Amino acid sequence: MNLDSERLPGHVGIIMDGNGRWAKKKIMNRIKGHEYGSDTVRSIVTAARELGIKVLTLYAFSTENWERPKHEVKALMMLLKKYIISQRLELSKNSIRLNIIGQKHRLPLDVQKEIDTTISLTKECDKMILNLALSYGAREEITFAVQNIARKIELNELSSKDITQDLISDNLYTSSMPDPDLIIRTSGEYRLSNFLLWQAAYSEIYISNTLWPDFSKEEFIEILKNFQKRDRRFGKV
Ligand code: IPE
Ligand code: IPE
Ligand code: MG
C-alpha cells in the first residue's frame, strides 16, 4: 500500500520518548541520548514537511520534566537553544513556522530570546507549523484557559453561558489549530503523560517500540499508512 497524500493527518503530535534508555543501552550518558534525539527531530521535521503534514507538534519538555536532575535540565535547555539557532534558516527556507506551546516564560532567558528570533523570522511561513511543546502540560494549559475565561467573566466581558467547547479550545495554546488526528508515542510506553489531553479526544494513537533516537522517516511513513487504514467513527456508526 502506498501513502495517499490526499488523506494525510492534518495535525500529527509526537511524544518523543526513550532518549535515556537508548543511551543506557549503548552504555552512554543520558545526555548523549538527548543529543542523538535532537538529530531525529531534525530529520522528522524535514520528513513531515516533505510529506505535506500541515501541523506537527513535538513534545520536547513537559512541566513535570523540570523535576529531573539539574544537570539534565540544563543540558536539555542547551540542546534546545542549539536546535533553535542551527535550524533557523532551514525552517525559514522550507516555509515552516515555529510556534511554542507551553510556559515559554519559564525557559531560560537566553533560550527565550533565540526562540523569539526564530518565531519572528518564520512568522510568514505557511507550509507547515512546527509546534514545540516546551514546559508544556495539558493540565496547566487547561488551568490557564479557565483562569483567562474567569477573568473575562469578572470584567463582565463574558457570561458563564458563553462558555462553550469552542471557547475553551480558543483559550488553549493550540487555539486556531485543528486537533491532532494522530498521536505517536515512541519507546513503547502506553500513556499520554499530560500531552494535549483536551485536544486528543478523538486522536488516533500509535505506540511504537522504537526509542526516539532510532525513529526514522521510513517508520514515520509506515505509521501514516497505518493511520490511513483506520476507521475513525467519532462516536457514530
Ligand atoms: C524523552 O526521553 C526526552 C524528554 C522527556 C525530555 P527520556 O529522557 O524521557 O528517555 P527515557 O524515557 O528516560 O528513556
Ligand atoms: C513525556 O516523556 C514527555 C516528553 C516526551 C517531553 P516522559 O519520559 O517525561 O514521560 P513519563 O515520565 O515516562 O510519563
Ligand atoms: Mg521518558
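Think of each chain on its own: its residues are numbered from 1, step by step along the sequence as written. For naming, the first written chain is A and the first written ligand is 1, with later ones following in the order written. The predicted nature of this model means local features are confined to residues of pLDDT at least 70 and side-chain atom pairs, given and counted, to a pLDDT of 80 or more, with totals for whole chains, interfaces and linings taken over all residues. To obtain the side-chain values, all non-hydrogen atoms of the structure were included, while hydrogens and water were left out.

S.K.: I tried to follow the overall build of the chain on my own but got confused; where do I start?
M.R.: Think of it this way: any DSSP run of H or I at least four residues long counts as a helix, any run of E at least two long counts as a strand, and we number them from the N terminus. Looking only at helices and strands, the chain features 8 helices and 6 strands. Taken from N to C terminus, the helices and strands of the chain fall in the order β-α-α-β-α-α-β-α-β-α-α-β-β-α. For this measure, only C-alpha atoms enter the radius of gyration; the expected value for a globule follows 2.2 Å times N^0.38, where N is the number of residues. Its C-alpha radius of gyration of 18 Å places the chain within 12% of the 18 Å reference for a compact globule of 237 residues. With respect to the principal axes defined by its C-alpha atoms, the chain has extents near 60 × 50 × 35 Å. The classification of residues rests on relative accessible area computed with a 1.4 Å probe and restricted to protein chains. Under 20% of the type maximum is buried, over 50% is exposed, and intermediate values are partly exposed. For the chain, buried positions account for 49% of its 237 residues. In the chain, of all internal contacts separated by at least 6 residues, the share reaching a separation of at least 24 is 78%. When the accessible area of the chain is evaluated, it comes to approximately 12700 Å², of which 51% is carbon and sulfur surface. Across the chain, the 36 positively charged side chains and the 31 negatively charged ones have centroids separated by 4 Å. Whether two residues are in contact is decided by their heavy atoms: any pair within 4.5 Å suffices. The Shrake-Rupley method, run with a 1.4 Å probe sphere, supplies the accessible areas, and residue values consider only the shown protein chains as cover. When charges are counted, Lys and Arg are positive and Asp and Glu negative, with His and the chain ends excluded. For the purpose of locating charges, the reference atoms are NZ of Lys, CZ of Arg, CG of Asp and CD of Glu.

S.K.: Is there a simple way to explain the site of ligand 2 in this structure?
M.R.: When we say a residue is near a molecule or strand, we mean one of its heavy atoms is within 4 Å of it. The local shell around ligand 2 consists of Ile 15, Met 16, Asp 17, Tyr 59, Ala 60, Phe 61, Ser 62, Asn 65, Arg 68, Arg 185, Arg 191 and Ser 193. A distance of 3.4 Å separates an oxygen atom of ligand 2 from a polar atom in the side chain of Arg 185. Polar contacts here mean pairs of N or O atoms no more than 3.5 Å apart (in protein, one a potential hydrogen donor and the other a potential acceptor; neighbouring residues in sequence count only if both atoms are side-chain atoms). Side-chain polar atom of Arg 191 to an oxygen atom of ligand 2: 2.8 Å apart, as the coordinates give it. For ligand 2, whose unbound accessible area comes to 390 Å², protein coverage reaches 77%. Ranked by residue count, the leading element in the shell around ligand 2 is strand 2 (residues 55-62), at 4 residues. Classification convention: Asp, Glu, Lys, Arg as charged; Ala, Val, Leu, Ile, Met, Phe, Trp, Tyr, Cys, Pro as nonpolar; all other residues, Gly among them, as polar. Here the residues of the shell around ligand 2 are counted per class, giving 5 nonpolar, 3 polar and 4 charged.

S.K.: Looking at this structure, how should I read the pairing of strand 2?
M.R.: Every other side chain in a regular strand lies on the same face of the sheet, so the side chains alternate between the two faces. Most of strand 2 is tucked away: 7 of the 8 residues are buried. With 5 bridges connecting them, strand 1 (residues 11-15) and strand 2 associate as parallel partners. Looking at strand 2, one finds that Val 12 is bridged to Leu 56. When DSSP finds at least two bridges between two strands, those strands are taken to pair.

S.K.: Just to check I follow, could you spell out the site of ligand 1 for this structure?
M.R.: Residues in contact with ligand 1, as listed here, are Met 16, Asp 17, Gly 18, Asn 19, Gly 20, Arg 21, Arg 30, His 34, Ala 60, Asn 65, Arg 68 and Leu 76. Between an oxygen atom of ligand 1 and a main-chain N or O atom of Gly 20, the distance comes to 2.9 Å. Taking Arg 30, its side chain carries an N or O atom lying 2.9 Å from an oxygen atom of ligand 1. At the level of elements, helix 1 (19-25) and helix 2 (30-51) are the ones that each hand at least two residues to the shell around ligand 1. Broken down by element, the residue count for the shell around ligand 1 peaks at 3 residues, all from helix 1. The residue makeup of the shell around ligand 1, split by class, is 3 nonpolar, 5 polar and 4 charged.

S.K.: What's the story with the environment of Ile 129 in this structure? I'm lost.
M.R.: Within the secondary structure, Ile 129 sits in strand 4 (residues 128-136). Taking relative accessible area as the criterion, Ile 129 reaches 15% and is therefore assigned buried. Considered as a pair, Ile 129 and Leu 98 are 31 residues apart in the sequence and their alpha carbons are 6.1 Å apart. Leave out the neighbours within four places in its chain, and Ile 129 touches Lys 54, Val 55, Leu 56, Arg 97, Asn 99 and Met 177.

S.K.: Is there a simple way to explain the pattern of salt bridges in this structure?
M.R.: Side-chain pairs of opposite charge can arise where the charged atoms are in close proximity. Salt-bridge detection follows one rule: a side-chain nitrogen of Lys or Arg within 4 Å of a carboxyl oxygen of Asp or Glu. Under the definition given, this model contains 20 salt bridges. The partner of Glu 72 in a salt bridge is Arg 30, and the shortest N-O contact between them spans 2.9 Å. Highlighted residues: Glu 72 in helix 3 (residues 70-86) and Arg 30 in helix 2, separated in sequence by 42 residues. Taking relative accessible area as the criterion, Glu 72 reaches 4% and is therefore assigned buried.

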